[in-house]
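Report on the structure
Chain by chain, the residues run as shown.
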Amino acid sequence: MKVIEIKNLTKDYEVGFWRKRKVRALDDLSLSIDRGQIFGFLGANGAGKTTTLKLLMRLIFPTNGAAQILGRDIQDVSMHERIGYLPENPYFYDYLTAREFLDYCAQIFGLPATERKKRAADLLARVKLDERRWDTQLRKFSKGMLQRVGLAQSLINDPEIVFLDEPMSGLDPVGRREVRDLIAALRDEGKTVFMCSHILSDIEVLCDRVAILKRGRLAQVGYLDELRRKTEGPNRMEVMATGTDARKLSRHLPKTEIAPTPRGLRIEVASEDQIDEVLAALRKAGGKIVSVQPVTQSLEELFIDTPKAN
Ligand SMILES: Nc1ncnc2c1ncn2[C@@H]1O[C@H](COP(=O)(O)OP(=O)(O)O)[C@@H](O)[C@H]1O
Ligand SMILES: [Mg+2]
């Protein structure tokens, strides 16, 4: 079931003072996202990720296009009770403590006092904010601590979908790991996560499906392994072998690319059908097979060099 449907979403910002002109930050974005997935929205700085989330959260209005969340138009305010949002630069009420801030957020959703208290404590523990700081004013928090409070805030209404804008930003490696585990746990609970990042590794390890945004345009969308194989052609295979050398082997495999590497010879073929040929040639050349695997492209290559990029 699709829980997010985005259709032709477009946003122009007006910039300049004397001579106003329009800058297209998001250009005709269409996407749909299944329930229970971690969806990764990847793009360099300025690609339009935050703009997309702000449009979905109804913080800014589209120049064109529409979107539905949980089957309701994004203009439907009652739907917003069922979703959570971590902004890129969360604005916090500086003089509230972490606990007070969460209590305040819970009040917005009309939760009774006892429930608010329980949720605030559960969530602060869940985002691993040091318990000794729960009653410290937010103005004394580091960026990483604020990020944890922001995450807790996005979950205060036990949302079905959580929108996270750069959830790992400001965190050290241990913090990134903890937030990563938390996001994975949200999926295990059946929640849908829509997360933005400009950091490939964060998306790569967590997300089921990924969209790559380039200068406001959707450049790629799909499951990670699907995306990686796309540009290399569907069936390219890599055979690693030892026990022989490139010259000897190439006599039996004249038309195939053979490259010596520190791990042995790397033989790349266009499809699985050619593997038997490679095996036969290896046997003749006295070589041994080490591994056979599909050729995949790292997401990084895809991210940097996408065919449809403008
Ligand atoms: N309020 C604004 N006014 C004018 N231009 C904006 C505004 N917000 C964002 N932009 C521009 O829109 C583009 C997309 O920005 P943004 O959505 O923040 O990208 P990302 O989150 O992927 O880094 C950028 O070129 C940015 O400069
Ligand atoms: Mg952003």
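This text follows the structure it describes.
Conventions and cut-offs
Residues numbered from 1 in each chain as written. Chains lettered and ligands numbered in written order. Predicted model: local features only at pLDDT ≥ 70, side-chain atom pairs only at ≥ 80, totals over all residues. Helix = DSSP H or I, 4+ residues; strand = E, 2+ residues; numbered from the N terminus. Rg over C-alpha atoms; globule rule 2.2 N^0.38 Å. Buried ≥ 20, exposed ≤ 12 C-beta atoms within 10 Å, placed from the backbone. Contact = placed C-beta atoms within 7 Å. Near = placed C-beta within 6 Å. Nonpolar A, V, L, I, M, F, W, Y, C, P; charged D, E, K, R; others polar. Core = buried A, V, L, I, M, F, W, Y, C linked by C-beta atoms within 7 Å.

Here we take up the overall build of the protein chain. Broken down by element type, the protein chain carries 10 helices and 14 strands. Relative to its length of 310 residues, the protein chain is extended, with a C-alpha radius of gyration of 25 Å against a globular reference of 19 Å. Reported as C-alpha extents along the three principal axes, the dimensions of the protein chain are approximately 80 × 50 × 40 Å. Evaluated residue by residue, the protein chain yields a buried proportion of 35% over its 310 residues. Of the contacts made within the protein chain by residues no fewer than 6 positions apart, 72% connect residues no fewer than 24 positions apart.

On to the site of ligand 1. Taken together, Tyr 13, Val 15, Val 23, Ala 25, Gly 43, Asn 45, Gly 46, Ala 47, Gly 48, Lys 49, Thr 50 and Thr 51 make up the full set of residues adjacent to ligand 1. Listed by contribution, the elements that provide at least two residues to the shell around ligand 1 are β1 (2–15), β2 (21–34) and α1 (49–56). Here the shell around ligand 1 takes 3 residues from α1, the largest share from any one element. Partitioning the shell around ligand 1 into residue classes produces 5 nonpolar, 6 polar and 1 charged.

So, about the nonpolar core. Residues Leu 102, Ala 152, Phe 163, Val 193 and Phe 194 are the most contacted members of the largest nonpolar core, which totals 61 residues. When neighbours within four sequence positions are excluded, Ala 152 is seen to be in contact with Leu 102, Leu 123, Leu 124, Arg 126 and Val 127. Judged by nonpolar contacts, the second largest core, of 12 residues, contains Leu 249, Ile 258, Ala 281 and Leu 282.

Positive phi values are uncommon outside glycine, yet Arg 58 reaches one of about 65 degrees. Considering the arrangement of structural elements, one finds Arg 58 in the loop between α1 and β4 (64–69). Overall, Arg 58 belongs to the partly exposed group, with 17 C-beta atoms counted inside 10 Å. At Glu 166, a residue that is not glycine, the phi angle is positive and equals roughly 50 degrees. Summarising the element assignment, Glu 166 is placed in the loop between β7 (161–165) and α5 (173–188).

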